[in-house]
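These are the residues of each chain, in order.
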Amino acid sequence: MKAPVSDTSPQTIPAATPAKPSLMERFKALMVDYGPLAVVVNFAILGLVMAGFYVAFRFGFQAESSGAKAGTLAAAYAAAQVVKPIRLAAVFVLTPLIARIPPVARFLARNRHKWNF
């Protein structure tokens, strides 16, 4: 006796997709791959953002949340902390691009063994 034949395709169970790594896991991977370059890029962007806010505050821009009694530098730091998610996104995007520059790539390849997280 023959087994019944069906016109429908057999049901398959979809493969489980791996979970997206958390932000901290992605940051640790960035530090392992690029080491001090990620730190330098982060502080460079922080400096540029703070300088931009400082100049804006000195030329008369008044943010309502910066406080009237806060110093200009303290207000610039506070404003830079407000835009921290955007700054960190820029670090994640720019660090691999900067690492492609030949002298930087050679430095990373030569010194990768020195940082171990």
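Because the structure is a prediction, the values reported are computed rather than measured.

Draft legend 1. Up close: the overall build of the protein chain. Looking only at helices and strands, the protein chain has five helices and zero strands in total. Start at the N end of the protein chain and walk to the C end: the helices and strands fall as α-α-α-α-α. The buried share of the protein chain, taken over its 117 residues, is 20%. Residue pairs in contact within the protein chain that sit at least 24 positions apart in sequence constitute 70% of those at least 6 positions apart. On the protein chain, roughly 9,300 Å² of surface is accessible, and the fraction owed to carbon and sulfur atoms is 66%.

Draft legend 2. Up close: the side chain of Thr95. Position of Thr95 relative to the elements: it lies in helix H4 (residues 84-99). The class of Thr95 is buried, set by a relative accessible area of 0%. Within the structure, Thr95 has its side chain in polar contact with the backbone oxygen of Val91 (distance 2.7 Å). Ignoring any residue separated from it by four or fewer positions in sequence, one finds Thr95 in contact with Leu30, Tyr34, Leu37, Ala38 and Val41.

Draft legend 3. Expanded view of a nonpolar patch on the surface. Taken together, the side chains of Tyr54, Val55, Phe59 and Leu73 define a hydrophobic patch exposed on the protein surface, amounting to about 450 Å² of accessible area. Locating Tyr54 in the fold gives a position in helix H2 (residues 36-58).

Draft legend 4. Representation of the packing of H2 against helix H3 (residues 72-82) in the model. Between H2 and H3, the shortest axis-to-axis distance is 8 Å and the interhelical angle comes to 130 degrees. Viewed along their axes, H2 and H3 adopt a mutual orientation that is oblique. The handedness of the crossing between H2 and H3 comes out as right-handed. Only Thr72, Leu73, Ala75, Ala76, Tyr77, Ala79, Ala80 and Gln81 of H3 make contact with H2, whose side of the interface consists of Leu46, Val49, Met50, Phe53, Tyr54, Phe57 and Arg58. Of the residues assigned to the contact of H2 with H3, the class counts are 12 nonpolar, two polar and one charged.

Draft legend 5. Quick look at the nonpolar core. If you look at the biggest cluster of nonpolar residues, it comprises 12 residues: Leu30, Met31, Tyr34, Leu37, Ala38, Val41, Ile45, Val91, Phe92, Ala99, Leu108 and Trp115. When residues of this core are traced back to their parent elements, those giving at least two are helix H1 (23-34), H2 and H4. Those residues in contact with Trp115 that lie beyond four places of it in its chain are Met31, Val32, Asp33, Tyr34, Gly35, Pro36 and Leu108.

Procedures and definitions
Residues numbered from 1 in each chain as written. Predicted model: local features only at pLDDT ≥ 70, side-chain atom pairs only at ≥ 80, totals over all residues. Heavy atoms only, no water. Helix = DSSP H or I, 4+ residues; strand = E, 2+ residues; numbered from the N terminus. Buried < 20%, exposed > 50% of the residue type's maximum accessible area, 1.4 Å probe, protein only. Contact = heavy atoms within 4.5 Å. Areas by Shrake-Rupley, 256 points an atom, 1.4 Å probe, with all protein chains shown as cover. Polar contact = N/O pair within 3.5 Å; in protein donor to acceptor, adjacent residues only side chain to side chain. Patch = residues over 30% accessible without salt bridge, like charges linked within 9 Å, V, L, I, M, F, W, Y side chains within 5 Å. Salt bridge = Lys/Arg side-chain N within 4 Å of Asp/Glu carboxyl O. Axes fitted to C-alpha atoms, helices over the stretch in contact; angles between N-to-C directions. Parallel < 35°, antiparallel > 145°, perpendicular 65-115°, else oblique. Left-handed = near helix turned anticlockwise from the far one by under 90°. Nonpolar A, V, L, I, M, F, W, Y, C, P; charged D, E, K, R; others polar. Core = buried A, V, L, I, M, F, W, Y, C linked by side-chain atoms within 4.5 Å.

Any link to function would need more than the numbers given here.
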